[in-house]
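A look at the structure
Below are the chains, spelled out letter by letter.
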Amino acid sequence: VLDRSKLEQDARSLEESLRRRGFYEAALGVPLVTIRSDEAAVVIPSHIGPRYRVVLRGQAPFGRSEIDTVLGLNTERLTATHLRHTLAERVVDFYARHGFTGTSVTVKRYRGKGRVVLMVTVAKGRQLRVAAVSFAGAKHFSRAFLREQLFSYVTEELPGSSLAAPVDSEVVDALEHGESL
């Protein structure tokens, strides 16, 4: 039985499965269906590409899984643009968000034994330390209270902490007026 929605979903799942196995260039197009009488012929335009092995160098203090997540190779198709710009920029941004300034990253692709090697080399910059924190415009809470709240969230790294996430204008208004969230 032909179910086009299920067919497209299965093609997307297969593409994701291929990427998890190191086929980072994998791209499956929308299934093309030709109907003849009471039968359907299905053709799925495909580009699988070579199998990759990712080699990380210099990523400490971060683990491989953290950098793999930042690279996003399991979720997005690897393209020439990713190789030239995006991958390195993502890693540099990740280090910057964790206080490292002056980090540089090179991403090189070359043929290895039976697969393609993607070499990601990180030259981390120096890590900045917080010297001062101010809360300009904060009138309803004391600086000591805000500082204590900020650092409790930062040091605990609570999942879902609203202080570490983007804040919308309604949240800001509620905080400014001392309302509970």
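For the structure itself, look to the data block above.
Presented here is a report on the structure given in the accompanying data block. Remember, predicted model here, so these are calculated numbers, not experimental data.

1. Observations concerning a nonpolar patch on the surface
Together, Leu-2, Ile-35, Val-42 and Ile-44 make up an exposed nonpolar region whose accessible area comes to about 300 Å². Mapping Ile-44 onto the fold places it in the loop between strand S3 (39-43) and strand S4 (46-47). Residue Ile-44 is classed as partly exposed on the basis of its relative accessible area of 31%.

2. Re the pairing of strand S7 (residues 104-111)
Where S7 and strand S8 (residues 116-123) come together, eight bridges link them in antiparallel fashion. Counterpart to Lys-108 in the pairing with S8 is Met-119. The turn linking S7 back onto S8 is made up of four residues, and Gly-114 within it adopts a positive phi angle of 75°.

3. A closer look at the sheet that holds S8
If you walk across this open sheet you meet the three strands as S5-S8-S7, and the pairing is mixed. Both outer strands of the open sheet, strand S5 (52-57) and S7, are each paired with one neighbouring strand and no more. Put simply, the sheet's adjacent strands are angled 15° from each other on average, direction ignored. In this structure, S5 lies alongside S8, joined through six bridges in parallel fashion. Looking across to S8, one finds that Arg-57 is bridged to Thr-121. Against the sheet, helix H3 (residues 80-97) touches S7 and S8, its axis set at about 140° to S7.

4. Details of H3
Structurally, the α-helix is built with 3.6 residues per turn, so residues lying three or four positions apart point the same way. With 18 residues, H3 should cover 26 Å at 1.5 Å per step; its first-to-last C-alpha distance of 26 Å lies within 8% of that length. At Thr-86, H3 shows its largest kink, close to 40°. Residues of H3 that are buried include every one of His-82, Leu-87, Ala-88, Val-91, Phe-94 and Tyr-95, and no others. Check the buried side of H3 and you find it contacts helix H2 (64-71), strand S6 (100-101), S7 and S8.

5. Thoughts on the packing of aromatic side chains
Overall, the coordinates contain seven aromatic pairs when judged by the stated rule. Aromatic pair Phe-62 and Tyr-95: ring centres 4.9 Å apart, planes at 90°, arrangement edge-to-face. Here the residue Phe-62 occupies a position in the loop between S5 and H2, and Tyr-95 occupies one in helix H3, the gap between them amounting to 33 residues. Accessibility assignment for this pair places Phe-62 and Tyr-95 in one class, buried. The rings of Phe-62, Phe-94, Tyr-95 and Phe-100 are connected pair by pair, giving a single aromatic cluster.

The rules behind these values
Residues numbered from 1 in each chain as written. Predicted model: local features only at pLDDT ≥ 70, side-chain atom pairs only at ≥ 80, totals over all residues. Heavy atoms only, no water. Patch = residues over 30% accessible without salt bridge, like charges linked within 9 Å, V, L, I, M, F, W, Y side chains within 5 Å. Areas by Shrake-Rupley, 256 points an atom, 1.4 Å probe, with all protein chains shown as cover. Salt bridge = Lys/Arg side-chain N within 4 Å of Asp/Glu carboxyl O. Helix = DSSP H or I, 4+ residues; strand = E, 2+ residues; numbered from the N terminus. Buried < 20%, exposed > 50% of the residue type's maximum accessible area, 1.4 Å probe, protein only. Pairing = 2+ DSSP bridges. Axes fitted to C-alpha atoms, helices over the stretch in contact; angles between N-to-C directions. Contact = heavy atoms within 4.5 Å. Expected span 1.5 Å × (residues − 1). Bend = angle between axes of the 7 residues up to and from the residue. Phe/Tyr/Trp six-rings, centres within 6.5 Å; stacked < 30°, edge-to-face > 60°.

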